[in-house]
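Here is how the chains run, residue by residue.
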Amino acid sequence: MPVKISPLLGMFLCFNCQNFEPINNLMPLRIAIFDDNKNIRESIAMLLKTEKDFEVVGSFAHVLDCLEDVKQCTPDVILMDIEMPGMTGIEAVKIIKHELPDVLILMQTVFEDDDNVFDSICAGASGYILKNFLNTKLIDAIKELEFGGSPMSPSIARKVLTKMQQIPQHVSNMPAPDYKLTAREKEVLACVVNGLSYKMIADQLFIGYETVRSHIKHIYEKLHVASLTEVVNKALTERIIQ
């Protein structure tokens with residue numbers, strides 16, 4: 001059962017997401033893998049190759065040369081193991097995102113360690129997945145990233161929420177502007193603010209996945225924003241969603 005995520009966590013989970021549109025409408029999604037376990041790297045690569053819209057462009061056993069590796073293979077998405085030799089995946093995320101902020105990074109690890117999860121996302125990771133879910137959920141997690149989501153398991157989301165509850169929210173006292181959102185668009189926006197994925201929004205509102213994407217597109221246009229970060233921030237600070 002999906003965990004109920006607060007508006008604050010919704011903002012946090014969306015903080016590093018990109019525009020809702022697919023990263024590349026014509027070419028395969030380029031993916032690089034960083035994992036010190038050769039068997040895992042090869043298994044992930046085999047799994048990804050089952051998707052015609054995915055292309056594995058790099059596979060690396062360490063992150064000591066991560067920036068050069070990423071610049072050379074130019075991925076859209078990086079799968080990054082947290083526990084890497086010589087330098088952690090968290091440190092690698094910081095380095096990569098500083099130079100290449102548009103690259104999406106999905107962290108992977110065996111352990112649900114709340115400090116590592118929190119540090120990974122603060123460093124710039126776009127989502128998080130446990131290794132024991134790779135076979136069943138990795139493909140969907142990458143697709144969710146591609147369309148602007150921030151995949152996290154409910155248990156991890158709860159742990160991040162515990163951390164984030166200590167950070168105060170700053171909400172404007174000005175009257176909420178009228179952006180001419182429809183009633184349905186406001187419902188979708190509220191779901192986005194609450195941290196729901198597109199699939200979860202579709203299930204909750206009993207509408208199709210593509211219908212959710214269409215509503216999100218209209219919300220972006222009406223709010224004059226280009227990312228989920230801006231959507232959530234504007235919805236909260238301007239009190240578009242009460």
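The following paragraphs examine the structure supplied in this document. Since this is a predicted model, take the numbers as computed values, not measurements.

### Structural notes on the environment of Pro101
So, point 1. You can see Pro101 is positioned in the loop between α4 (89-99) and β4 (104-109).
So, point 2. Residue classification places Pro101 among the partly exposed residues on the basis of a relative accessible area of 46%.
So, point 3. Linking Pro101 and Gly124, residues 23 residues apart in sequence, is a C-alpha distance of 8.3 Å.

### A look at the pairing of strand β1 (residues 29-34)
So, point 1. Burial of β1 is extensive: five of the six residues sit out of reach of the surface.
So, point 2. Of the strand pairs in this sheet, β1 and strand β2 (residues 54-60) are connected by six bridges, and their pairing is parallel. Counted as the bridge partner of Ala32 is Gly58 from β2.
So, point 3. Crossover handedness for the path β1 to helix α2 (residues 38-48) to β2: right-handed.
So, point 4. Looking at chain direction, β1 and strand β3 (residues 77-81) are connected through four bridges and run parallel. Residue pairing in the sheet places Phe34 in a bridge with Met80 of β3.

### Regarding the packing of helix α8 (residues 183-193) against helix α9 (residues 198-205)
So, point 1. At their nearest, the axes of α8 and α9 sit 10 Å apart, and the two run at 130° to each other. As summarised for this structure, α8 and α9 are arranged oblique, according to the angle between their axes. The hand of the α8/α9 crossing is right-handed. Touching Arg184, Glu187, Val188, Cys191 and Val192 of α8 are Ile201, Gln204 and Leu205, all from α9.
So, point 2. By residue class, the composition of the contact of α8 with α9 is five nonpolar, one polar and two charged.

Cut-offs and rules
- All residue numbers refer to position in the chain's written sequence, counted from 1.
- Only residues with pLDDT of at least 70 get local features here, since the model is predicted, and only at 80 or more are side-chain atom pairs given and counted; chain-wide, interface and lining totals rely on the full set of residues.
- Calculation of side-chain values draws on the structure's entire complement of heavy atoms; hydrogens and water are dropped beforehand.
- Helical segments are the DSSP runs of H or I of at least four residues, strand segments are the runs of E of at least two, and each set is numbered from the N terminus.
- Summary of the burial criterion: residues with accessible area below 20% of their type's maximum are buried, those above 50% are exposed, and those between are partly exposed, where the area comes from a 1.4 Å probe applied to protein chains only.
- Here, strands pair whenever DSSP counts at least two bridges between them.
- Here, the term right-handed applies to a crossover whose path from the first strand over the helix to the second runs clockwise when the strands point away from the viewer.
- A fitted line through C-alpha atoms represents every axis, and for helices the fit uses only the stretch in contact; the resulting angles, taken between N-to-C directions, go from 0 to 180 degrees.
- To sort the angles, those under 35 degrees are grouped as roughly parallel, those over 145 as roughly antiparallel, those from 65 to 115 as roughly perpendicular, and the leftovers as oblique.
- Helix crossings are classified by the rotation of the near helix relative to the far one: an anticlockwise turn of less than a right angle makes the crossing left-handed, while a clockwise turn makes it right-handed.
- Any two residues whose heavy atoms approach within 4.5 Å are treated as being in contact.
- Nonpolar residues are Ala, Val, Leu, Ile, Met, Phe, Trp, Tyr, Cys and Pro. Charged residues are Asp, Glu, Lys and Arg, and all others, Gly as well, are polar.

Purely spatial values, then, with no claim about function.
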